[in-house]
Each structure stands twice: as C-alpha cells, then as structure tokens.
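The chain contents come next:
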Amino acid sequence: MITPGWFSQPYPPEGASAAEGIRNQLGRPELDLLTILVRESAQNSWDARLPHASGPVDYSLDMWTVGAGHTNAWRDMLLNGAPSASGNFPLRDCLKQATIQLLAVSDRGTRGLGGPTRADTAVGPDRDFVSFIRNIGEPRETPLGGGTYGFGKGIFYLLSKSGTVLVHSRCRTAQGHETRLIGCSLWKSYVAKEADDGRRYTGRHWWGDTSGSVVEPLVGHAAEAAAQRLGLRPFGPEETGTTVVVVDPFLDGMEPHAAAEYLAETISWHLWPKMISRADAPPAMRFSVRCNGIAHPVPDPRETRPLSLFVAAYEKMAGQEGSDVACRNPKRHLGRLGLVKRIMPALVPTHASRMLGIEDLVHHVCLMRPAELVVTYFTGPKPPSENLGYAGVFRADEAMDEVYAKAEPPTHDAWNPQSLERPESTFVQVTFRRITEASEGLLSLGGVARSGSSNVALGAASSLFSGLVGGAWGIGGDTAYSKPGSTITRSSRAAREEDGSESSPEPRPGAGGASRVRGESDTGEAYPYQGNTDHDRSSTPRRRPRVQYVGEPYFDDRGDDAVLVQEFLLPVPGSQRVRIELAVTLPGTGGRETDPPVGASMPTLIGWESADGMVDASEAYVIEGGESVWRALVRPAPDTMTEIAVKVEAVQAP
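Residues numbered from 1 in each chain as written. Predicted model: local features only at pLDDT ≥ 70, side-chain atom pairs only at ≥ 80, totals over all residues. Heavy atoms only, no water.

1. With respect to the overall build of the protein
Across its full length, the protein carries 14 helices and 27 strands. Looking at the protein as a whole, 49% of its 654 residues qualify as buried. For the protein, restricting intrachain contacts to residue pairs at least 6 apart in sequence, the fraction spanning at least 24 positions comes to 71%. For the protein, the exposed area adds up to about 30400 Å²; of that, 51% sits on carbon and sulfur atoms. (Helix = DSSP H or I, 4+ residues; strand = E, 2+ residues; numbered from the N terminus. Buried < 20%, exposed > 50% of the residue type's maximum accessible area, 1.4 Å probe, protein only. Contact = heavy atoms within 4.5 Å. Areas by Shrake-Rupley, 256 points an atom, 1.4 Å probe, with all protein chains shown as cover.)

This is the structure:
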C-alpha cells in the first residue's frame, strides 16, 4: 500500500519560481477573494467541458467542517513528511485546530485533469494535469475559452489560510477512467538547515506518492481509498471532473452559512449567462451551494431583480432588436449590444451587488466575450429619474476575442485599453464610446437635450420641491406620479340626480397635478365631516361614498414589470363601484393629456387587488365599503408624469 507524503521543492541549479511570485500573479484585484474564486473556478470548469455533451456542466460549492470520523485521517495523512517548521508550512498549525474547515469547488460533466503527470513528458495537447498542478503561465488551448494564461488558479492558494489545496480528479485515459488525488501547498520560500549547511526551498510542496524521483498523484484504487478516508465525495462510475478542496478558507469575516448565501448570490451576478435557457437549448451550466449539508439556492436570474433586466437585454442583443457595434477607423465589427429601459423601484443593494458598484440604481452594461462569462458591469450615464433604470449586454464578436482577452488582467474582470497597442487599444476605447452613446440615446426624452438644462435627477428635484406646492404630491423623475386628493364632494344636486354618483374630485393641473389631499381644505387645513346626506325612498340617511388613500403610491415588482401601487379604502359601508382616471403630463410641461398622441403610450390599469392578493382586471369594480385596504395597480407610461385618480360611486340597491 502506498503511504502518501509531502515533497518540498528545492531550488534547482538553474533556478525556479518562488512561491511568493506565483501567489502575487493575481495582482491586487478590486474584487474580494470569494468572488474571484467563483469567477476563476467556473471559468476553468467551462473551459474543461466535455465536447458534444448533451447535458450542462455541473458546478458546485460545498463548505463543511471535518467530522470526528475523518479528523484523525486528515491529521495523520496530511502531516506525513511535512516540513517541521510551521512558519514555512502553516498547514501544521491548521490541522491541529479543534475544527478543520473545508471549501470544495467541484465540476462534473468536464474532462478532469488528464494527460501526463510529469511536466517534462507533457508534449501533446492533452496536458490538463501539469497545467493546473505543476506549470504556471501556460497559454490557453481552448478556442474562445474564458481563461488566458492560467494565473487564475492562484486564487485557490490565496483563499486558503495555509496556502493548501487537495485536488481530486477523474479523467479518461487510454486504459479507461482514472481517479487521481494530489495535494499542493504554496506559501513562501525559505532556507532549511540540513547537516552542516542550509538549503533553499521555493515554498512549493506536493503531497502524494513520493516513491519515485518526482512526487506523483495517488491513482486508481489508492486515490479512491485515500479520498474515502478523508471524507471526499466519490465519483460515479461514468463521471469525470475535478474537485479542488481549499483547506481552512478565508471567509472575509462571515460565518459559514452567511458566506454560502453570499457565494450563491455571487454566482448569479457573475455567471447568469450560463444559467439561462434559450429557445433551443437548456442552461449551459447548473449551480449549487451547500454548507454543512444545507442547500443555499442560487437565485434564478430570470426571477431576480435587477438581473432579470440584464437577461432581457441579453435576449434583445441576441435577437433581431440587437444592434451592431463597430469601429469606423480602422473599420472593424466589434460585437453586439442590447439595451433595455424600464421603470423600476429603487434597488436594495446587497453585498454582492455592491462588490460590482451597483447600488440603488441600475445603469450598467454587462460586458462579455464570446464565452459568455461576465467580465464586468460597465457604468453608463445615469438616468434622469431615480425610478428609471436600464441594463445592457455587450458581447464581443468572435473575431475580436483575442483583442478583448489581451485587455484583461489576470482576474479577467476588466478591459484595459491602456495595456494594448494601437489599433487594438482603439477598438476597446471605441467599444466604451459606442456603449455610452447608445445609453444616452436610450435615455433621451424627445431625442433633444436643451442647452442649459439641468443635470439634476428629476426624481430628486421633485422630492425636494413637492412640499412647496399646496396639495401636490409626486415621486417625480422621468416617470412621476401625482396622488389625487380624497375629499367630500360638494357637487350640485342636479348633477347627483343626473348620474347617481359621487366621486373624488378631478385632479387639478399644475405641478404634478395638484389636488386636495385626504380631509384637507384647499388651504391645507383639516376640516371635519359635514354630515352631508342623501335620502333613499325609505328616508334613511345615507353617507356619501368616498375614497381614503392609505399612504403614498409606491413601486412594486410584479413579474417582469414594475407597477405603481396606490392603496386605498372605502370608509363608508355599502356596495360601491370604483374606477380609475389616468392622465399624463410630459416632463417640463403643464399640459395634461387623457388621450395619447399618435404612437404614444398611456398608463393603464392592471387591476384592483384585495387584501388577500386577488386581482380583478375590470375597469369598474364593485367593492364593499369598510376597513379592508385595496390596491389600485397601474402600469405607468414611460417618459411621462402620470396622474391617478380613484373614483367611487354608490351602487343602488335593486
């Protein structure tokens, strides 16, 4: 039986790379380590997908604490032959802790780490093992792949507090399936005293079969038996793929389950193009996150705001509505762009979105190469309203893939034109310019910006000045909404006899469509109910129906749409019929329109929603008065200010 142990690499006479140099190849990225882990490892998994596979690539993140049944195996097996000084080999102290934490990154439906296990014999195209385990900086072999020079694998070592990982892989060889298991540690170079002299070591260590001149992975039954002793997940009979186990990971101060939630959301933000299905194909990748056996679902980008907006932009980009992006001098087709604008509530930023610079407003374009892995979110011009957002997707043309790949840092999270020579730098700069121009065109109202116009967001200005207009209310911005008043109507008896109805007053035109607000006089002073009554045929006094608004209108997500919600109740008992009156005002004008111009859209009533969530789409709807709160759901018209008035009339008893 093979007893695995450690081999520490001494400096050869011709020299070698020090561990510190390898660890520093990622530079000083702006993203945190967990985010880089998701991006780089998923990219590796995608590049390693099986050709002509019918199913998706399975990618999973698993965190767990080593159980009592496996703790001794980790300590006995992983400390055998290890360097004696903890300063040179911190895994020693890590394995002596009361608990051992692990984070495993796994893929299935990939080819595994195959090919020769020695770097000097890996002369053919199949050299996945030596590229990941032994060599540094090899150029990519996968056409249109996500990676470039393989520096991203350094994230596994940076994320481990001891710089140590175990690599468990299953691949196909000429003899059939083969399981491989090897450990790697990357810390720092050092000098060790040996006999009467010292010897320098690179700080790179490998754990495996040390019986030969070069440490080799455990293979076959030996690998499977060792993995079982360590509690690693076995491979199925026909499965191929790779699991990289990070020992004692940095979790950025988070508890394991909080880190799992963060990883699940990070997957959605950075890998959503691989999660969506197309008309002719299922999702390209399938993702899962678990912590101590508990699943943490990865948010569905089609159902999660604002990622659903990026999905819509992607589908527009890939369809006939997408636009071509080109450089005119030198002439070159750069890629495709899709942009989608939508009225939407303010976002509630999360840790994952903040990491990308997306806070409460979406005005970003997702950049990707043909591999359709998110590079970054380009920040476009801000919308004129705090209630308007837009998202875009730019996908580089296949012929331009090498140019954009060369513009990326080792973490693949930016396009830096300054790192390129002309004309390649010009292509990247023009890409940003074209995206900005298209975004500005999307946001233009009427297509013309008047000279001297303010750049202050209309939403913010409306919120600041709304209190200066008596009886007015408004959210403001590119789409602003005026809240009508609810007062006792003092219409003439002749009018009442003509239509048999009582209603809330018409909104008065003005700043946002001002009107008297709940129980207030025209001067803004509250007045009591005057006791106005009508008499039915039995001469029983009857109170007139009225609308009482509950709070201010607000935006809410309903499927793919953001709708305006006005809550109200009918305080007078009895059956009453409600209907809605909607009007629009163009920004910067005082005109009020209830009929749309040719080709223009108007706000529409979606329906009346009861307290239990049932929605009726009738234009006029009968409601029993009382204390129940109802909601009027309105789909607003873009690029307008919208006035809403809820009207009510009594329903005569038969």
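Let's pick the thread back up.
2. A look at the confidence of the model for the protein
Per-residue confidence for the protein gives a mean pLDDT of 80, with 78% of residues at or over 70. Taken together, the stretch residues 144-149 has pLDDT below 50 and engages in 28 contacts with residues farther than four places along the chain or on a different chain. Confidence drops under pLDDT 50 across residues 587-592; counting only partners more than four residues distant or on other chains, this segment forms 17 contacts. (pLDDT = per-residue confidence, 0-100.)

3. Focus: helix α9 (residues 307-318)
Its 12 residues give α9 an end-to-end C-alpha distance of 17 Å, which sits within 8% of 16 Å, the value for a rise of 1.5 Å per residue. Along α9, the residues that are buried comprise L307, S308, L309, F310, V311, A313, Y314 and M317. Buried-residue contacts for α9 involve α8 (256-271), β13 (331-343), β14 (363-368), β15 (374-379) and β16 (388-396). (Expected span 1.5 Å × (residues − 1).)

4. Let's talk about the environment of P381
One can find P381 in the loop between β15 and β16. Residue P381 is classed as partly exposed on the basis of its relative accessible area, which comes to 21%.

5. Examining the nonpolar core
Ranked by size, the top nonpolar core spans 76 residues in total, and within it F156, I267, W272, F310 and Y377 carry the most contacts. The element that contributes the greatest number of residues to this core is α8, accounting for eight residues. Residue contacts for W272: discarding those within four places in its chain leaves I267, P301, L307, F310, V311, Y314, C366, M368, V374, Y377 and V393. L367, L443, L582 and I644 belong to the second-largest nonpolar core, a separate cluster that totals 43 residues. (Core = buried A, V, L, I, M, F, W, Y, C linked by side-chain atoms within 4.5 Å.)

6. Looking at the pattern of salt bridges
Considering all chains together, one arrives at 18 salt bridges under this definition. A salt bridge links E238 to R172; its shortest N-O distance comes to 3.8 Å. In this pair, E238 is assigned in the loop between α7 (220-230) and β9 (241-247) and R172 in strand β4 (residues 164-173), connecting sequence segments 66 residues apart. In this pair, the class of E238 matches that of R172, namely exposed. When the shortest N-O distance is used, the salt bridge between R631 and E609 registers 3.3 Å. Residue R631 is located in strand β26 (residues 630-635), and its partner E609 is located in strand β23 (residues 604-609); the two are separated by 22 residues in the primary sequence. Taking relative accessible area as the criterion, E609 reaches 8% and is therefore assigned buried. One connected set of salt bridges, linked through shared partners, spans R369, D401 and E408. (Salt bridge = Lys/Arg side-chain N within 4 Å of Asp/Glu carboxyl O.)

7. Structural notes on the packing of aromatic side chains
Under the definition given, this model contains 13 aromatic pairs. Between the aromatic rings of F394 and W415, the centroid separation amounts to 6.1 Å while the plane-to-plane angle is 85°, which identifies the pairing as edge-to-face. Here W415 lies in the loop between α11 (401-406) and α12 (424-443) and F394 lies in strand β16, a separation of 21 residues in the sequence. Note on W415: relative accessible area 4%, which makes it buried. Both rings, one in Y404 and one in W415, keep their centres 4.3 Å apart while their planes meet at 35°; by these two values the pair is tilted. With a gap of 11 residues between them, Y404 in helix α11 and W415 in the loop between α11 and α12 connect regions that are remote in the sequence. The rings of W269, F310 and Y377 are connected pair by pair, giving a single aromatic cluster. Positioned above the aromatic ring of W46, the side-chain terminus of R49 is 4.0 Å from the ring centre. When the ring centre of W46 is taken as origin, the NZ or CZ atom of K274, which lies over that ring, is 3.5 Å away. (Phe/Tyr/Trp six-rings, centres within 6.5 Å; stacked < 30°, edge-to-face > 60°. Lys NZ or Arg CZ within 6 Å of the ring centre and 35° of its normal.)

8. Some points on the packing of helix α2 (residues 33-47) against α8
Between α2 and α8, the least distance of the axes is 10 Å, while the angle of their chain directions is 50°. Overall, the two elements α2 and α8 adopt an arrangement that is oblique. The crossing of α2 and α8 is right-handed. Seen from α2, the contacting residues are L34, T35, V38, R39 and A42; seen from α8, they are Y262, L263, T266, I267, H270 and L271. Residue composition of the contact of α2 with α8, grouped by class: seven nonpolar, three polar and one charged. (Axes fitted to C-alpha atoms, helices over the stretch in contact; angles between N-to-C directions. Parallel < 35°, antiparallel > 145°, perpendicular 65-115°, else oblique. Left-handed = near helix turned anticlockwise from the far one by under 90°. Nonpolar A, V, L, I, M, F, W, Y, C, P; charged D, E, K, R; others polar.)

9. Considering the sheet that holds strand β12 (residues 323-328)
One open sheet holds the five strands; their spatial order is β12-β13-β16-β14-β15, and the pairing between them is mixed. Bordering the open sheet on either side are β12 and β15, each of which pairs with just one other strand. On average, each strand axis in the sheet is inclined to that of its neighbour by 25°, with strand direction left out of account. One ladder, built from nine bridges, connects β13 with β16; its direction is antiparallel. Residue pairing for β16: V340 is matched across the bridge by A391. (Pairing = 2+ DSSP bridges.)

10. With respect to α8
Compared with an ideal rise of 1.5 Å per residue, which puts 16 residues at 22 Å, α8 spans 22 Å between its outermost C-alpha atoms and is within 8% of the ideal. In terms of burial, α8 is a largely internal element, 12 of the 16 residues being buried. Considered for burial, the residues of α8 that qualify are A259, A260, Y262, L263, A264, E265, T266, I267, S268, W269, H270 and L271. Looking at the buried positions of α8, the neighbouring elements they touch are α2, β2 (57-65), β10 (285-291), α9, α10 (351-355) and β15.

11. Some points on the pairing of strand β1 (residues 5-10)
Burial of β1 is extensive: five of the six residues sit out of reach of the surface. Bridge count for β1 against strand β7 (residues 197-208) is five bridges, and the pairing is antiparallel. Residue G5 lies in a different strand from β7, and its bridge partner there is G208.

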